[in-house]
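Report on the structure
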Amino acid sequence: TDDIKKKLPLFGKQLLVTAGPTYEAIDPVRFIGNHSSGKMGFALADELASLGADVTLIAGPTAQISKYKSIKRINVTSAADMLQECLTYFPAANACVMCAAVADYTPATVSAQKIKKHDDGLNIELKKTTDILKTLGGQKRDGQVLVGFALETQNEEQYAIEKLEKKNLDLIVLNSLNDAGAGFKGDTNKITLIDRQLHKTTFDLKNKAEVAHDICIKLIELLKK
Ligand code: CTP
Ligand code: CA
C-alpha cells in the first residue's frame, strides 16, 4: 500500500484547510455566528486526503466529521483562535485553502456576565477581526500556494479578483449565492475559479465532493509550477 500511496498526486504535500463558521462571544451564553455548515471545507479536506496529502483541518463549530482518520483536526471557536492556529500551521504547509466563513466583526468587549434584558434596545459595539487570509498572503513563501474563497451576491467576478489581488492569493474560488442550490448551507455549489493570470473557469452546479475535486485538480496544477 505504501507504493500505491506514493503514486498519489499529493503524496508528501502538507495541506492546510479551514472550514466552518466562527463564533464571536457576546457574553457567556451568546455569540455572533453565521450559517456556514462546514460541508465545503470538510469535502475539500477529504478529497485532498484521498489524493495523498497530509491534511490539517482547522474547523470552527460544525457537526461535520471527516472521512479519513489521517486528517488532523483542530477545533477552534472564534476568528482570533483560527488566526492563531493558522499562524502555527501555515509555515510548514505547501498549500492552504481558506474555506472558513470567518467573522468580519467581533464584539469590542465580551461581557463577563450574562447581559440582562431591559426595557430599551441593546447596542453591541463591534470591532474588525484580523483578515486571516490576507495575513497569510503577506507571509507566503516562494512555492507556497494560497487559495481563498469569495462569497458574493453582486459584481461577483470583480469583487473576487479584488480579493485575489489584495490578499496575494494564487487562486480564488468564487461562490455564487445568486444561483439556486448554491451556497454555504446546502449540499451543492456553483463555482468559478480565477487564478493570478485571471484565467477563469466556470463549473456547473454540483455536489460539494465534486466541487472539491475540481478545486483539487487546479491546486495540483498550481503546486507543479
Ligand atoms: N477571510 C479571512 N479572515 C477574515 C475574513 C475572511 O481569512 N477575517 C477569508 C475567508 O476565509 C475567505 C476570504 O477571506 O477565504 C474571503 O472572504 P469573504 O467574506 O468573501 O471576503 P472579505 O474579504 O471578508 O470581504 P467581504 O465580506 O466584505 O466581502
Ligand atoms: Ca467577510
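Residues numbered from 1 in each chain as written. Chains lettered and ligands numbered in written order. Predicted model: local features only at pLDDT ≥ 70, side-chain atom pairs only at ≥ 80, totals over all residues.

1. Notes on the overall build of the protein chain
Looking only at helices and strands, the protein chain features 6 helices and 14 strands. Taking 225 residues into account, the globule formula puts the C-alpha radius of gyration at 17 Å, and the protein chain, at 18 Å, falls close to it. For the protein chain, the spread of C-alpha atoms along the principal axes amounts to about 65 × 40 × 30 Å. With 225 residues in all, the protein chain has 39% of them scored as buried. Intrachain contacts of the protein chain at a sequence separation of at least 6 include 62% that bridge at least 24 residues. (Helix = DSSP H or I, 4+ residues; strand = E, 2+ residues; numbered from the N terminus. Rg over C-alpha atoms; globule rule 2.2 N^0.38 Å. Buried ≥ 20, exposed ≤ 12 C-beta atoms within 10 Å, placed from the backbone. Contact = placed C-beta atoms within 7 Å.)

2. Notes on the UniProt feature "binding site: CTP" (unreviewed entry) in the protein chain
The positions UniProt marks with the feature "binding site: CTP" (unreviewed entry) are D104, K114, F149, K163 and K167. An extended arrangement is adopted by the annotated residues: their sequence extent is 64 residues, and the largest C-alpha distance between any two is 37.5 Å. In this fold, K114 is placed in the loop between β7 (105–107) and β8 (126–128). A tally of 11 C-beta atoms within 10 Å means that K114 is categorised as exposed. Ignoring sequence-local partners within four residues, the contact set of K114 consists of D27, P28 and V29. Mapped onto the fold, K167 is located in the loop between α5 (156–166) and β10 (171–176). A count of 21 C-beta atoms within 10 Å places K167 in the buried class. Aside from chain neighbours lying at most four places away, what touches K167 is L133, K134, G137 and G148. (UniProt positions renumbered as here; feature names shortened; annotations may be inferred.)

3. Let's talk about the site of ligand 1
Around ligand 1 there are 14 residues in total, and M98, V102, I132, L133 and G148 lie nearest to it. Going through the elements one at a time, α4 (132–139) and β9 (145–152) are the ones with two or more residues in the shell around ligand 1. Take the shell around ligand 1: its biggest share by element is 4 residues, from β9. Classifying every residue of the shell around ligand 1 gives 9 nonpolar, 2 polar and 3 charged. (Near = placed C-beta within 6 Å. Nonpolar A, V, L, I, M, F, W, Y, C, P; charged D, E, K, R; others polar.)

4. Quick look at the packing of helix α3 (residues 79–89) against α4
Where α3 contacts α4, the two axes come as close as 10 Å, and the packing angle between them is 20°. Considering the angle they form, α3 stands roughly parallel to α4. Crossing handedness for the pair α3 and α4: right-handed. Contact residues: M82, L83 and C86 in α3; I132, T135 and L136 in α4. For the contact of α3 with α4, a count of residues per class yields 5 nonpolar, 1 polar and no charged. (Axes fitted to C-alpha atoms, helices over the stretch in contact; angles between N-to-C directions. Parallel < 35°, antiparallel > 145°, perpendicular 65-115°, else oblique. Left-handed = near helix turned anticlockwise from the far one by under 90°.)

5. Comments concerning helix α6 (residues 208–224)
Since the α-helix turns once every 3.6 residues, residues separated by three or four places project in the same direction. With 17 residues, α6 should reach 24 Å at 1.5 Å per residue; the first-to-last C-alpha distance of 24 Å fits that figure. Listing the buried residues of α6 in full gives K208, V211, A212, I215, C216 and L219. Seen from one end, α6 has its buried residues packed into an arc of 135°, which puts them on one side. (Expected span 1.5 Å × (residues − 1). Arc of directions from axis to C-beta.)

6. A short note on the pairing of strand β4 (residues 54–59)
For β4, the tally of buried residues reaches 5 of 6 residues, placing the bulk of the element in the interior. One ladder, built from 6 bridges, connects strand β1 (residues 14–19) with β4; its direction is parallel. Note on β4: the bridge partner recorded for Q14 is D54. Here β4 pairs with strand β5 (residues 72–75) via 4 bridges, running parallel. What sits directly across from I58, in β5, is I74. (Pairing = 2+ DSSP bridges.)

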